[in-house]
Amino acid sequence: MSDQSQPIVKPQPIVEVEDLWVWLRKRGREIPLVRGLSYTLRPAEALSIVGESGAGKSIGVRAALGLLDPRLFRVTGSSKLVGTDVLALTAKERARYVPSVAALVFQDPGRSLNPTMRVGDQIAEAFLKGSGYEPGMTRAKAEARALQLMKDVRIAAAEERFKAYPNQLSGGMKQRVVIAIAVACKPQVLFCDEPTSSLDVTTQAAIMDLIGELRDQTGIATVTITHDLALAASRARKVIVMYGGQVVEALPARLVATESAMPYTTALIEAVPDIDGNGTPPTPIEGMPPDPANLPSGCSFHPRCRFAQDDCLTNTPELRVVAPAHELRCFHPVKDLELQEASR
Amino acid sequence: MSLPTNTQIAPGRQDSVPVVLEVDDVVQTFQVASSHPFRKATVSAVAGVSLTVERGEIVAVVGETGSGKSTLARAILGAEPAKKGRIVLHRRGGATKKNGQAKEEGGRGIQMVFQDPYAALDPRWSVLRSVAEPLRTAGMTSSSERRRRVAEILNLVGLSAARFADRSPRELSGGQAQRVAIARALVSNPDLVLLDEPVTALDVSVQAQIITLLYTLKGRLGLTAILIAHDLAVVRTLADRTAIMYLGRLCELAPTDDVFHRPLHPYTAALLTAIPPKIGEPARERIHLKGEQPSPLNPPSGCRFRTRCPIAQDKCAAEVPEWREIEPGHHVACHFPLVDSVAVAVAER
Amino acid sequence: MTTATRPLGASVTGLSDADATWVSGSTRGRMVATLRTWRRAILSPSVAFPLAVFLIVVIACFAGPEILNLPSPIVGNLNDTLLPPGSPGYPLGTNELGNDELSRLLWGGQISIIVGLGATAFGLIVGSFLGMLAAYSGRAVEVVIMRLFDALLAFPGLILALILADFLGPNVWNTILAIGIFGIARFGRLAWAQTIGVRHRDFVVAARSDGVPSGSIVLGHMVPNVMPTLLGFALFTVGTAMTIEAGLSFLGLGVQQPQPTWGNMIAGAQQYMSLAPWLLILPAAMLVITILSLNLVADSLRIRLDEER
């Protein structure tokens, strides 16, 4: 934490997750849910973690924030938030430290809010009791700040809505309130777990706009977990694709369309319905995501992979750097195959 | 509370007329508790919706939360009969079914596929029993005949009967469960299938599997269906025609290609631009909607979309826009449809 | 009827060999699988052990007096009163009237178990019928039944049973009735809540819009989905019913002396507590063992079956 006072040339990373593993303890067994997740995030950066349910993306983020119950999960590796490894802290230290640097927004805003409390008071509480507390804070000051925050997250008629209960607000409004609470304590990184999956298309776009604005204005870094590669590619700077608990490809968002080479990523691109096209159906990925308790041998994706060869069944590919800022876990990237085809 | 207005039996149509479903000026309201202690408030969930579905056609009804699309679907199914208006199903063989009467002879004209496949299958029933339920109801008493039929239909949706028919729903993945639900809906050869957000609850890769399955079924069986969705992207490949619904009313109804390439209603245009761009393409020029969707307890006067419309005028508050056919097959309810330069700008994006 | 039996036209391709074999098979495989699940659950130690204890108690109570050729529990020898356990001819001693304590314990157990199971069965059957009826029919029927449950629940259970027992007169069947009525409202409310939950599930909506008859929906979808919860609750209720029976007998409103039940044995023993503590301890211990084993069976069975899923 003392790093911040030092003069720095390149902005220090806010999040450094290193070789994070998560096992679920179940009936005397340990099932690997996340297998060696690593990523780094600097201020004002936007990272998107893409994967299907069970890919380990949500669990990975919860583990990185030290939120998993140690009775149910075993976590190894390190997760440095602003220079401090939260996994090395005691539970008590973690409960004090993590909220001061990071906030998490969940998919269902209805469940994150207290249904019996006015939303304005819920935001103000962050200043009065939460880690946004400063000496000399009074109720009136906290309420004034909460109101300003509601305006900052573009809640229309904020004065009126301040006194509303969560059930009087629409889903999009509730998610704005949740985001307001999340950024109240001025965290340096905002983790959003499927922030718009339960919202309508127009609301989804507006909420993603809001997250982008917050990033531009406050320099907060954002990690967005989503199953929607198109959303990730259009809203983030860097995209990490997870499959079966592992990162299978990581690359800059603007290169997803042209450079992605892991067959899973390219298959995901083809699985998105093309609304501008002529109505031909998307190309599905056959089969199902792997069961973490019963992972396939070799590359986890090989049973569903169109390009799988013998070595994919027997050898386990490592994540390797193929180009600057582009990592890949595959023996036979799509690009190589295309080159082979071309040279023939 | 008014009863369904029409109780007469519609004359049976001849088979040459390909219309399967007629929805005519359907109104659905609900009474809910209001802030006034002794008065109930009325939610205007569906306010005069008309559309037809022809045999072999998939018509999509797209709308966001609170648009009334699910209420409309339930009214068509007969789960909650409409308060006003006519819903007529013209069955093969000339029989008609009105306003969702379920109990008349051979009442299985309409089947539904639900959003959550696990909720749509009884957790204590095997796949065989669930899929065979409509057959039993239809009077197929021979158990071996039912087994044969279930095996055929499971094959049709891409599942092997030997592997899946004796499983219970919790032994199925989401995609497999939705395939079973589709099999159950098709097994009795219904005249119309209601697909209520059939892929919303599924993973992306599985979504594409189900969309492709429905696309194949459409080609092979000439599936007649209404597809309810909140997302235009899903509708693109499946629907022949698409209706856009907002706050209980239809905004626009046109062949799907026209809806995507030449939207006439500002709301349709806004929905289109809100979809994340195709991977690798620049962000769309967005049409931003003002504020929030109003409450269906107190819908705006005139055009219900006017409070959020970027091009609303005084006329929009005063008059309810007429449902007009601007081009052949392209209906819109808007005083100022995007026929001119606006439409061009939107289409070019 | 023709619609359903019409083939799928050109779309049907031939079935694979595996599927063709399946078609000519039967549903027995599924039932075998279900039975296997239950057997695995019941044979797991956390279920099997308390279940064995309960069964031993039941067998001992019902078959024991016959097998061991025990003396009658009511025709005592007044020369052998208040003998301690281990006395010759009386392995567990005698009571104040010289009745054999072992015989009384086993005969008394019969009554306690019959009352416990009988009252639970009565409450379960009547309560779940009314609760499901209320949930399924809705409107006025629902209002009337639910208010009836509320009224029943508003009475303190024991007092209600007391009043009924007093009113009906003390014997085994009236005790079952008095305690069973106390259970109706609890089973009823649970059945109602569970049925409401199932009623709006999509598979019921689908069945109803298909025109599946109401009877089939109730028997096919509702009962199977509601019953496991109710049966689990019933296992707990057996213990409660036995406790209430003990309470009623203790107060002299249940089954009357000289016919023994664990409850009235405890009641009768209290005046001799210092002289013959075993008269109190033995029936109380039997009551605790029986109730505890049943509750453990209920709890472990629920956990095991959940895990199997």
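Heads up: the structure comes first, above all this text.
Everything numeric here is computed off the predicted structure, so don't read it as measured data.

### Describing the overall build of chain C
Now for step 1: Check the secondary structure of chain C and you find 12 helices and zero strands.
Now for step 2: The helix and strand sequence of chain C, counted from the amino end, reads α-α-α-α-α-α-α-α-α-α-α-α.
Now for step 3: Taken against the 2.2 N^0.38 rule, which gives 19 Å for 309 residues, the C-alpha radius of gyration of chain C at 26 Å runs more than 25% over that of a compact globule.
Now for step 4: For the C-alpha atoms alone, the extent of chain C along its principal axes is close to 95 × 50 × 30 Å.
Now for step 5: Within chain C, buried positions represent 45% of all 309 residues.
Now for step 6: For chain C, contacts bridging at least 24 residues in sequence account for 70% of all contacts bridging at least 6.
Now for step 7: Accessible surface computed for chain C: about 15,000 Å², of which carbon and sulfur atoms make up 70%.

### Considering the packing of aromatic side chains
Residues and elements named next belong to chain A.
Now for step 1: Counted according to the given criterion, the structure contains eight aromatic pairs over all chains.
Now for step 2: For the pair Trp21 and Trp23, a centre-to-centre distance of 5.5 Å together with 20° between the ring planes defines the contact as stacked.
Now for step 3: Overall, the relative accessible area of 16% leaves Trp23 in the buried class.
Now for step 4: Ring centres of Tyr264 and Phe301 lie 5.1 Å apart, and the angle between their planes is 65°; this geometry places the pair in the edge-to-face category. Taken as a pair, Tyr264 in helix α11 (residues 263-271) and Phe301 in the loop between α11 and α12 (310-314) lie far apart in primary sequence, 37 residues in all. Comparing Tyr264 with Phe301 shows no difference in burial state: the two are buried.
Now for step 5: An aromatic cluster is defined as three or more aromatic residues linked by ring pairs; in this entry it consists of Tyr243, Tyr264 and Phe301.

### Examining the sheet that holds strand β7 (residues 192-196) of chain B
All names here are of chain B.
Now for step 1: A sheet is described by the order of its strands in space; here eight strands give the open sequence β6-β7-β8-β3-β9-β10-β12-β11, paired in mixed fashion. Unpaired on one side and paired on the other, β6 (110-113) and β11 (324-327) mark the two borders of the sheet. Averaged over all neighbouring strand pairs, the angle between strand axes comes to 20°, with direction disregarded.
Now for step 2: With four bridges connecting them, β7 and strand β8 (residues 225-229) associate as parallel partners. Its bridge partner being in β8, Asp196 is matched across the sheet by Ile228.

### Re the environment of B:Leu159
Residues and elements named next belong to chain B.
Now for step 1: Locating Leu159 in the fold gives a position in the loop between α4 (143-156) and α5 (161-164).
Now for step 2: By relative accessible area, which is 4% here, Leu159 ends up buried.
Now for step 3: Distance from Leu159 to Val23, taken between C-alpha atoms, is 35 Å for residues 136 residues apart in sequence.
Now for step 4: With sequence-adjacent residues up to four places away left out, Leu159 is seen in contact with Leu154, Phe164, Gln176, Arg179 and Val180.

### Section: the side chain of B:Thr242
Residue and element names in this part refer to chain B.
Now for step 1: Inspection of the secondary structure puts Thr242 in strand β9 (residues 241-246).
Now for step 2: Under the relative-accessibility criterion, Thr242 is labelled buried at 0%.
Now for step 3: A distance of 3.0 Å separates polar atoms of two side chains, one belonging to Thr242 and the other to Thr256.
Now for step 4: When residues no more than four places from it in sequence are discounted, the contact partners of Thr242 are Ala60, Val62, Leu232, Val235, Glu252, Leu253, Ala254, Thr256 and Val259.

### Section: the pattern of salt bridges
Residues and elements named next belong to chain A.
Now for step 1: Taken as a whole, this structure holds 32 salt bridges over all chains when the rule is applied.
Now for step 2: The partner of Arg237 in a salt bridge is Glu45, and the shortest N-O contact between them spans 3.6 Å. Residue Arg237 is located in the loop between α9 (229-235) and β9 (238-243), and its partner Glu45 is located in the loop between β2 (29-41) and β3 (46-50); the two are separated by 192 residues in the primary sequence.
Now for step 3: The exposure class assigned to Glu45 is buried, which follows from its relative accessible area of 18%.

### Structural notes on the interface of chain B and chain C
Size of an interface: often given as the accessible area lost when the parts come together.
Now for step 1: Listed by partner, the interface residues are 56 residues for chain B and 36 residues for chain C.
Now for step 2: Together chain B and chain C conceal approximately 4,100 Å² of surface at their shared face, both sides included; 54% is due to carbon and sulfur atoms.
Now for step 3: Together, B:Phe114, B:Arg124 and B:Arg147 form the three largest contributors to the area buried by chain B at its contact with chain C, with a combined 16%.
Now for step 4: Across the chain B-chain C interface, the total number found is one salt bridge.
Now for step 5: Between B:Arg184 and C:Asp210 there is a salt bridge, and its shortest N-O distance comes to 3.1 Å.
Now for step 6: Considering every element that reaches the side of chain B that touches chain C, the biggest residue donor is α4(B), with 11 residues.

### Quick word on the pairing of β2(A)
All names here are of chain A.
Now for step 1: Across 10 bridges, strand β1 (residues 15-26) lies against β2 in antiparallel orientation. Bridging from a neighbouring strand, Trp21 pairs with Arg35 of β2.
Now for step 2: In this antiparallel pair of consecutive strands, β1 and β2, the connection spans two residues, and Arg27 shows a positive phi of 45°.

### Some words on the sheet that holds strand β12 (residues 326-328) of chain A
In sheet architecture, strand pairing relies on hydrogen bonds along the backbone and comes in two forms, parallel and antiparallel.
All names here are of chain A.
Now for step 1: Judged by pairing direction, the sheet is mixed, and its eight strands sit side by side in the order β6-β7-β8-β3-β9-β10-β12-β11 without closing on themselves. Looking at strand neighbours, the two that pair on one side only are β6 (102-105) and β11 (320-323), the edges of this open sheet. Strand-to-strand, the axes of this sheet are offset by a mean angle of 20°, without reference to chain direction.
Now for step 2: Along the sheet, α11 contacts β3, β9 and β10 (246-252); its crossing angle with β9, the most-contacted strand, is approximately 105°.

### Some details on the nonpolar core
Now for step 1: Counting 73 residues, the largest nonpolar core has B:Val131, B:Leu154 and B:Ile182 as the members making the most contacts within it.
Now for step 2: When residues no more than four places from it in sequence are discounted, the contact partners of B:Ile182 are B:Val113, B:Val157, B:Ile210, B:Leu213, B:Leu214 and B:Leu217.

### Quick word on helix α7 (residues 171-184) of chain A
Residues and elements named next belong to chain A.
Now for step 1: Here α7 is 14 residues long and its end C-alpha atoms lie 20 Å apart, about the 20 Å a rise of 1.5 Å per residue gives.
Now for step 2: With 12 of 14 residues buried, α7 is to be regarded as a mostly interior element.
Now for step 3: Along α7, the residues that are buried comprise Gly172, Met173, Lys174, Gln175, Arg176, Val177, Val178, Ile179, Ala180, Ala182, Val183 and Ala184.
Now for step 4: Residue Lys186 follows α7 closely and has a positive phi angle near 50°.

### Some thoughts on the packing of helix α3 (residues 127-137) of chain B against α4(B)
Residue and element names in this part refer to chain B.
Now for step 1: Relative orientation of the contacting elements α3 and α4 amounts to 110°, with a least axis distance of 10 Å. Considering their axes alone, α3 and α4 lie roughly perpendicular with respect to each other. Where α3 crosses over α4, the two elements pack in a sense that is right-handed. Taking contact as the criterion, the partners of Val127, Leu128, Val131, Ala132, Leu135 and Arg136 in α3 are, on α4, Arg146, Arg147, Arg149, Val150, Ile153 and Leu154.
Now for step 2: Per-class residue counts for the contact of α3 with α4 are eight nonpolar, no polar and four charged.

### Focus: unusual backbone geometry
Residues and elements named next belong to chain B.
Now for step 1: Phi is positive for Glu197, which is not a glycine, with a value near 50°.
Now for step 2: By secondary structure assignment, the location of Glu197 is in the loop between β7 and α7 (204-221).
Now for step 3: A positive phi angle, near 50°, is found at Leu247, a position not held by glycine.
Now for step 4: Note on placement: Leu247 falls in the loop between β9 and β10 (249-255).

Rules used in this analysis
- Residues numbered from 1 in each chain as written.
- Chains lettered and ligands numbered in written order.
- Predicted model: local features only at pLDDT ≥ 70, side-chain atom pairs only at ≥ 80, totals over all residues.
- Heavy atoms only, no water.
- Helix = DSSP H or I, 4+ residues; strand = E, 2+ residues; numbered from the N terminus.
- Rg over C-alpha atoms; globule rule 2.2 N^0.38 Å.
- Buried < 20%, exposed > 50% of the residue type's maximum accessible area, 1.4 Å probe, protein only.
- Contact = heavy atoms within 4.5 Å.
- Areas by Shrake-Rupley, 256 points an atom, 1.4 Å probe, with all protein chains shown as cover.
- Phe/Tyr/Trp six-rings, centres within 6.5 Å; stacked < 30°, edge-to-face > 60°.
- Pairing = 2+ DSSP bridges.
- Axes fitted to C-alpha atoms, helices over the stretch in contact; angles between N-to-C directions.
- Polar contact = N/O pair within 3.5 Å; in protein donor to acceptor, adjacent residues only side chain to side chain.
- Salt bridge = Lys/Arg side-chain N within 4 Å of Asp/Glu carboxyl O.
- Buried area = accessible area lost by both parts, 1.4 Å probe.
- Core = buried A, V, L, I, M, F, W, Y, C linked by side-chain atoms within 4.5 Å.
- Expected span 1.5 Å × (residues − 1).
- Parallel < 35°, antiparallel > 145°, perpendicular 65-115°, else oblique.
- Left-handed = near helix turned anticlockwise from the far one by under 90°.
- Nonpolar A, V, L, I, M, F, W, Y, C, P; charged D, E, K, R; others polar.

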